[in-house]
Amino acid sequence: MRDKIKNWIHKAEETTDRWTSSKWFKRMSITSGVLWNLALILAIVLVTGGVFAASVGAGYFASLVDEEKLRSEDEMRNEIYSYVETSEMFFDNDVYIGKIQTDLERKETTLDKISQTAIDAVFATEDEYFMEHEGIVPKAIFRGLLQDVANSDSQTGGSTLTQQLIKNQILTNEVSYERKAKEILLAMRLEKFMTKDEIMEAYLNIIPYGRNSSGANIAGIETAANGLFNKSASELSLPQSAFIAGIPKAPFRYTPYNSVGQLKDADGLAPGIDRMKTVLFRMKETEYITQEEYDAAIAYDIVKDFRENESRSRDSEPYITDELEKRAARIIMDVLAEKDGIDPKSLEENNKLYEEYAILADRAVRSNGYRIHSTINKELYLAHEKAKDAYARYGTTLSVPSEDGGDKMKDLPVQVGSMMMENKTGRILSFVGGRDFEIEELNHATQAYRSIGSTVKPLLVYGPALDLGTIGAGSPVVDVKFKLADGYSPANFIPSSEQGIMSARDALAQSQNLPALRLFGQIREQMPINYLINAGFSKVKEESNYYPATALGGGVEGSVEELTSGYATVANGGKKVEPYMIQRIEDADGNVIFEHKVAEKEIYTPQTAYILTDMLRDVFTTDRGTANRANSLLSFSGDFAGKTGTTQNTKDVWLVGYNPNITMGLWLGYDSEKYSLDNFPNSNLQPSVRVNQLWASLMNTTYQTVPELVGAKSTFKQPEGVVTKSFCGISGLAPGGACQSAGLVRSDLFNANVMLPKGQDDSLTSSSFTTINGKRYTALSTTPSEFVSGGGIGVSQKYIDRMMAPFGGDAGKLFPGNSKFSSVVAGATFKADGAAPGAVQAAISGQTITWTNSGSTDVVGYRVYKGGSRVASISESRSNSYSASGAGSYTVVAVDITGKQSGASNSVSIAAPKPKPKPEPKPTPPPEDKEPEKEETPPVEEEVVTPPEEEETPPEEKPEKPVEEKPDPEKPEKPEEPEKPDPEKPAEDDAA
């Protein structure tokens with residue numbers, strides 16, 4: 001046998017030798033060698049490239065998870081099951097409020113109480129290899145990665161149930177490769193610590209399922225089964241299980257309810273029903289159900305199973321619950337960041353980091369079992385709520401189109417926001433968030449930002465002007481209109497109001513706009529806007545400093561909380577303390593993880609704060625103060641100061657008032673800024689009256705509930721450096737002899753550290769004036785004396801230029817007739833047009849003569865003539881009428897500031913009275929002894945003429961022929977004899 005084998009091998013070797021010695025084999029051998037070598041090289045390249053790519057990928061993956069700390073089994077289990085802890089809230093002094101009120105409702109269940117059909121639906125839809133994999137499915141991850149890189153329209157995803165559990169309970173929903181890498185790493189680690197049943201049970205308890213029929217957000221399959229179908233998860237049918245299993249992919253798209261719990265229409269339900277059919281198809285494909293079961297479920301009308309009108313449990317105090325949750329979450333953000341070694345300040349600078357920690361903090365507040373202790377006084381808070389509800393004069397509730405479109409309408413009531421805080425600590429004692437949380441889930445005290453109107457004036461204009469030494473409390477300011485180069489022509493709240501020179505104190509008390517604008521213009525280069533920014537107005541930007549309207553609140557928005565805090569700063573001697581509502585937060589074990597610490601920052605000097613407060617007292621105490629009504633309605637007396645504010649078109653009204661202990665701010669307005677509070681004026685109170693009434697009601701309630709917080713007997717103490725000094729009331733300078741003689745000396749408060757009345761006043765001069773269009777101007781040498789008020793006090797041009805800066809205006813309005821300084825003449829010179837005035841048209845009714853205004857703009861008065869004699873001179877500032885003295889023909893001429901007069905008006909006449917008939921004499925028999933006497937002519941009754949009212953009325957004309965006189969240029973020619981030259985006839989261009 002062995003020989004046979006050897007023989008076969010020998011023959012094979014001979015055959016091989018014969019083939020290899022042939023030419024064709026040698027050629028093939030060379031080719032195959034080359035191909036073999038190329039194949040080896042390619043294999044080496046592919047293997048090397050693969051190893052390199054894998055190394056790079058592994059390195060990149062490692063870099064993504066480099067900062068992820070290695071969690072222990074206990075840590076991971078605690079985070080997965082964190083949903084079982086609920087945080088609690090407390091009023092001040094540990095008075096219990098309740099559990100954290102959130103939109104998310106969840107009821108925990110166990111895996112054995114969930115329908116197997118529902119579990120199968122989740123397996124088929126979300127993770128068909130759940131029982132086989134170890135946390136991840138590599139091919140699904142690579143498929144998802146390729147789709148992402150290729151920007152594919154079809155994104156199938158690659159997350160297992162374990163990964164989704166990690167994303168929802170440990171990481172965040174942030175879309176990034178870093179988060180995905182951490183998710184993969186943690187999913188594989190979690191599979192080592194928890195069984196498949198534990199993971200599945202946790203997943204079904206935490207996953208979100210959209211909304212229920214009350215509109216609340218829901219999570220957990222038990223809550224979903226009850227909220228959608230009014231049954232337990234163990235009772236879910238196949239179609240119901242498929243519908244619920246499909247929701248988590250896009251909860252708010254597939255949920256059958258809108259945000260208010262109403263069942264969507266057919267178009268709105270279609271995406272969820274289509275998703276249910278997709279789940280059923282996958283269950284059939286993965287053989288969890290048969291074809292027959294699939295067909296029956298597809299044909300089933302799931303809509304009839306949806307639950308409707310589910311009642312929603314609400315906390316009794318939704319505004320405070322919602323507010324404390326938001327504030328606690330923001331505090332916990334910093335706590336968590338600091339715990340991770342991150343500077344809390346960097347959260348504001350890094351949007352990605354902020355978003356990540358916002359999610360983590362929100363999750364922690366909902367589920368970590370914190371005890372949140374607030375500063376809110378329960379008795380006061382509930383009393384304010386009661387007073388708010390009791391007030392019945394808010395105004396008309398409008399019916400406006402709903403945001404959902406179509407023909408739907410909704411109610412839009414006048415809303416309210418208020419806040420009360422302690423000045424020295426910043427503790428928020430109470431607030432009113434709105435009329436009804438069900439109408440608008442917006443806290444109008446903390447979250448609504450509106451234009452603050454005139455309440456900005458003390459904080460931005462008068463306070464900084466005092467601080468910078470520009471004014472004292474009584475310094476003169478100018479209330480005269482002006483127009484800027486861009487066409488902006490501001491006016492006061494009452495557009496016709498111009499009070500000329502007035503004190504800063506009066507201008508602030510009356511909230512006049514024009515003085516505030518002028519004062520802001522004077523200090524604008526010193527950046528007064530920084531006072532607002534430093535006071536905590538978060539939406540105010542530095543560029544607002546360069547807009548004049550900023551001084552009136554234009555473009556300046558703030559919340560009630562920010563504005564209240566701004567005035568509490570003034571009340572606290574110019575030192576700002578941050579307002580706060582959360583005193584401390586404890587963890588589930590009672591450890592204090594946060595406690596508020598009070599810190600002060602000076603915004604205004606103590607002297608400025610006191611002087612400003614003294615000025616703002618006038619807002620409450622003087623007759624013209626805009627909050628005097630609120631002060632009169634208080635049931636107790638106190639040292640109050642503050643400010644009101646009204647925005648353009650009365651869309652908002654404000655009142656902020658404070659005493660040494662507390663500050664309370666109040667706002668009224670519609671949620672939509674399209675609507676004015678001034679609508680329906682015949683049925684509503686004026687908005688300013690409403691805000692005064694409600695502020696007083698809330699303050700009275702405070703005093704009745706917690707009088708010790710009000711501290712009614714406390715008064716503001718004047719600090720060193722605040723002094724009372726005399727000054728010239730129209731210039732603000734040290735009073736000189738002329739100012740004293742004119743009775744213009746005033747006294748008020750000054751900050752001795754930055755400003756005292758200095759420089760001898762030299763503003764005054766002697767002056768005479770006339771009026772044009774009701775304004776005073778310096779009389780010219782040619783101005784007729786009867787239209788001049790002589791011996792007045794005037795001011796120099798230098799004074800006018802200084803006071804009218806920087807915006808200018810009509811100096812003739814500096815000292816109007818209703819001014820406290822009406823005895824002073826502005827010294828403005830009127831530029832006449834050089835032409836004689838236009839004639840007027842006269843009329844008569846009884847004995848009253850009236851006439852039209854002259855068409856000329858420089859008229860100072862009118863002269864009335866009877867026949868050829870002047871009988872009256874009427875100033876243009878008086879009414880155009882004259883009570884005639886008797887029968888005759890009358891004409892009127894207009895006179896301008898230079899003395900030129902118009903042609904005569906048309907003639908009007910008063911007829912002479914008819915003589916009375918002579919009485920018949922009684923027959924008298926003649927005496928017997930005497931001759932009869934001659935009949936006597938009865939005396940003619942004399943005409944009684946009432947002299948004119950004007951001082952310079954000449955005596956009544958005589959019937960005799962007039963004596964020849966020299967020509968009088970002021971006496972018009974008798975209009976009935978125009979053909980005879982008369983030297984008294986006025987020419988059209990005659991200059992008197």
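Refer to the structure presented above.
Before going into details, it helps to say that this report is about the structure given with it.

The rules we used
Residues numbered from 1 in each chain as written. Predicted model: local features only at pLDDT ≥ 70, side-chain atom pairs only at ≥ 80, totals over all residues. Heavy atoms only, no water. Core = buried A, V, L, I, M, F, W, Y, C linked by side-chain atoms within 4.5 Å. Buried < 20%, exposed > 50% of the residue type's maximum accessible area, 1.4 Å probe, protein only. Helix = DSSP H or I, 4+ residues; strand = E, 2+ residues; numbered from the N terminus. Contact = heavy atoms within 4.5 Å. Pairing = 2+ DSSP bridges. Axes fitted to C-alpha atoms, helices over the stretch in contact; angles between N-to-C directions. Disulfide = S-S within 2.5 Å.

1. A word on the nonpolar core
Judged by nonpolar contacts, the single largest core of 127 residues is most densely connected at Phe-431, Tyr-462, Leu-532, Leu-668, Trp-695 and Met-699. Ranked by residues supplied to this core, first place goes to helix H14 (residues 318-339) with 10 residues. Ignoring any residue separated from it by four or fewer positions in sequence, one finds Phe-431 in contact with Tyr-319, Ile-320, Glu-323, Ile-376, Tyr-381, Glu-385, Ser-418, Met-419, Asn-443, Ala-445 and Met-581. With 59 residues, the next largest nonpolar core counts Ile-80, Phe-130, Tyr-203 and Ile-218 among its residues.

2. Points about the sheet that holds strand S32 (residues 881-883)
With antiparallel pairing, three strands are arranged side by side in an open sheet as S28-S29-S32. With one partner strand each, in any of the chains shown, strand S28 (842-845) and S32 form the two edges of the open sheet. When strand polarity is set aside, the average angle formed by the axes of neighbouring strands in this sheet is 20 degrees. Of the pairings in the sheet, the one linking strand S29 (residues 848-851) to S32 comprises three bridges and is antiparallel in character. For Thr-848, the partnering residue across the bridge sits in S32 and is Ser-883.

3. A word on the sheet that holds strand S4 (residues 208-211)
Spatial ordering of the open sheet is given by S3-S5-S4, a layout of three strands whose pairing is mixed. The open sheet has two free edges, formed respectively by strand S3 (104-106) and S4, since each of these has just one partner strand. The average angle at which neighbouring strand axes cross in this sheet is 30 degrees, direction not considered. Of the strands in this sheet, S3, S4 and strand S5 (217-219) are in contact with helix H9 (residues 221-229), which crosses S5 at around 135 degrees.

4. A closer look at the state of the cysteines
Inspection of every chain in the model, using the stated rule, returns one disulfide. Note on cysteine connectivity: Cys-728 is disulfide-linked to Cys-739, with sulfurs 2.4 Å apart. Measuring handedness by torsion sign, the sulfur bridge of Cys-728 and Cys-739 sits at about 105 degrees and is right-handed. Here Cys-728 is found in strand S22 (residues 722-728), whereas its partner Cys-739 is found in helix H27 (residues 737-741), with 11 residues between them in sequence. As far as burial versus exposure is concerned, Cys-728 and Cys-739 are alike and both buried.

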